[in-house]
Amino acid sequence: MTRTFIPVNDALKALAAAGHEVAKPGRKQDRLAGFGGSHYLVDGEWLSLSSVRAMAAGLGLEKSTKTAADKPRREIEDIADAVAQNSFCQRKQMIISRIGYRNLHGQIVYTIRFINKDGEHKSCAKTLSWIRDYAKRNGVI
């Protein structure tokens, strides 16, 4: 399923190309106009962002954006699901985060939580390549 979305700059360009008089005010000028959100001057009239997008949609301008259901699964999600189903990993109560972050070296790392041999809860951050190698080594994937 895709939904239509019109970026405001594209909408303003389309309205200008269609012969409308368009002005994008500065922040100070927008505050002076007394409006709460983003407003734009179209043909001498202050219009809200949704009104500008509606006018652009009336001209036939629309962009298609992918929703989460349309996007392909990422490799980390596949590995995390396989780890959750694996009996070896279930005994260790291993959980792999699906959301990564950049460490100080600029690498994207994912958090792994598990229980070690001594029964202690441990947590570490590892790269996708390390997680992939670990999963292959232990027969998870």
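Residues numbered from 1 in each chain as written. Predicted model: local features only at pLDDT ≥ 70, side-chain atom pairs only at ≥ 80, totals over all residues. Heavy atoms only, no water.

**Let's talk about the nonpolar core**
- Ranked by internal contacts, the top residues of the largest apolar core, which has 14 residues, are I79, V83, M94, I96, I112 and I131.
- Sorting the residues of this core by element identifies α4 (75–85), β8 (108–115) and α6 (128–137) as the ones contributing at least two each.
- Sorting elements by how many residues they give to this core places α4 first, with 4 residues.
- Setting aside residues no more than four positions away along its own chain, I96 makes contact with I76, I79, A80, V83, T111, I112 and I131.
- Core analysis: the second largest hydrophobic core is formed by 10 residues, I6, A11, L12 and Y40 among them. (Core = buried A, V, L, I, M, F, W, Y, C linked by side-chain atoms within 4.5 Å. Buried < 20%, exposed > 50% of the residue type's maximum accessible area, 1.4 Å probe, protein only. Helix = DSSP H or I, 4+ residues; strand = E, 2+ residues; numbered from the N terminus. Contact = heavy atoms within 4.5 Å.)

**A few points about the pairing of strand β9 (residues 121–127)**
- The pairing of β8 with β9 spans 7 bridges and is classified as antiparallel. In the strand pairing of β9, F114 is matched with K122.
- Counted along the chain from β8 to the antiparallel partner β9, the turn is 5 residues long, and its residue G119 has a positive phi close to 85 degrees. (Pairing = 2+ DSSP bridges.)

**Digging into the packing of aromatic side chains**
- For the coordinates displayed, the defined rule picks out 1 aromatic pair.
- Residues W130 and Y134 carry aromatic rings whose centres are separated by 5.3 Å and whose planes lie at 10 degrees to one another, so their mutual orientation is stacked. Of this pair, W130 and Y134 both sit in helix α6, 4 residues apart, which is roughly one turn of that helix.
- Owing to a relative accessible area of 33%, W130 belongs among the partly exposed residues under this scheme. (Phe/Tyr/Trp six-rings, centres within 6.5 Å; stacked < 30°, edge-to-face > 60°.)

**Focus: the environment of N116**
- Relative to the assigned elements, N116 resides in the loop between β8 and β9.
- Between the alpha carbons of N116 and M94 there is a distance of 9.7 Å; along the sequence they are 22 residues apart.
- In this structure the side chain of N116 is engaged in a polar contact, spanning 3.2 Å, whose partner is the backbone nitrogen of D118.
- At 2.8 Å, the side chain of N116 and the backbone nitrogen of E120 are in polar contact. (Polar contact = N/O pair within 3.5 Å; in protein donor to acceptor, adjacent residues only side chain to side chain.)

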